[in-house]
Amino acid sequence: MPLRRDVKVELISRVPLFERCSKRELNAIAAIADQVEIPEGREIVREGEYGREFFVLMEGTVEVRRGGRRLATLGAGDFFGEIALVSNVPRTAAVKTASPVRALVVTSRDFWTLLDESPRTQRKILEAVGDRLARLAPSSA
């Protein structure tokens, strides 16, 4: 059963990349998010490959692995692949379903089309990326 748009907006609003977006902008992002069902045991993301999708988990769990080592288990409300939306870099980890999963998926193509149509949304997302990078960078004291 397809999700109501308000449920999609609620899930998307929890993603730090979109934290500066207005309700209207979140609605636009929700409009390009498709609901998918993925069976257990399926590798969704391959480490080292270039990504073109971002996922928000609605139900189920996935395992995140780097170099074959488990880094994390993600569940409902968690997300992954957001860097693939804003940068053309290889995936830093693999993600495989540990149970059947329902998720929202946004493709980079749809995402960039949306940003081209909304420079204000683009600026807010780039600011969020900048903030995230600044938090990750070593301090220069």
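See the structure above.
Keep in mind that what you see is a predicted model, and the values were worked out from it rather than measured.

**Q** Break down the sheet that holds strand β5 (residues 69-74) for me, with residues and values.
**A** If you trace the four strands from one edge of the open sheet to the other, you get β2-β7-β4-β5, paired in antiparallel fashion. At either end of the open sheet lies a strand with only one pairing partner, and these are β2 (43-45) and β5. Each neighbouring strand pair of the sheet contributes to a mean axis angle of 30°, computed without reference to strand direction. Two strands pair when backbone bridges link them, and β2 and strand β7 (residues 94-97) are joined in this way by two bridges, in the antiparallel orientation. Note on β7: the bridge partner recorded for glutamate 43 is lysine 96.

**Q** Quick rundown of the side chain of glutamate 25? Include the residues and the values.
**A** Mapped onto the elements, glutamate 25 comes out in helix α2 (residues 23-31). In this structure glutamate 25 comes out as buried when scored by relative accessible area, which is 9%. Excluding residues that lie within four positions of it along the chain, glutamate 25 makes contacts with Arg20, Arg120, Thr121 and Lys124.

Calculation notes
Residues numbered from 1 in each chain as written. Predicted model: local features only at pLDDT ≥ 70, side-chain atom pairs only at ≥ 80, totals over all residues. Heavy atoms only, no water. Pairing = 2+ DSSP bridges. Helix = DSSP H or I, 4+ residues; strand = E, 2+ residues; numbered from the N terminus. Axes fitted to C-alpha atoms, helices over the stretch in contact; angles between N-to-C directions. Buried < 20%, exposed > 50% of the residue type's maximum accessible area, 1.4 Å probe, protein only. Contact = heavy atoms within 4.5 Å.

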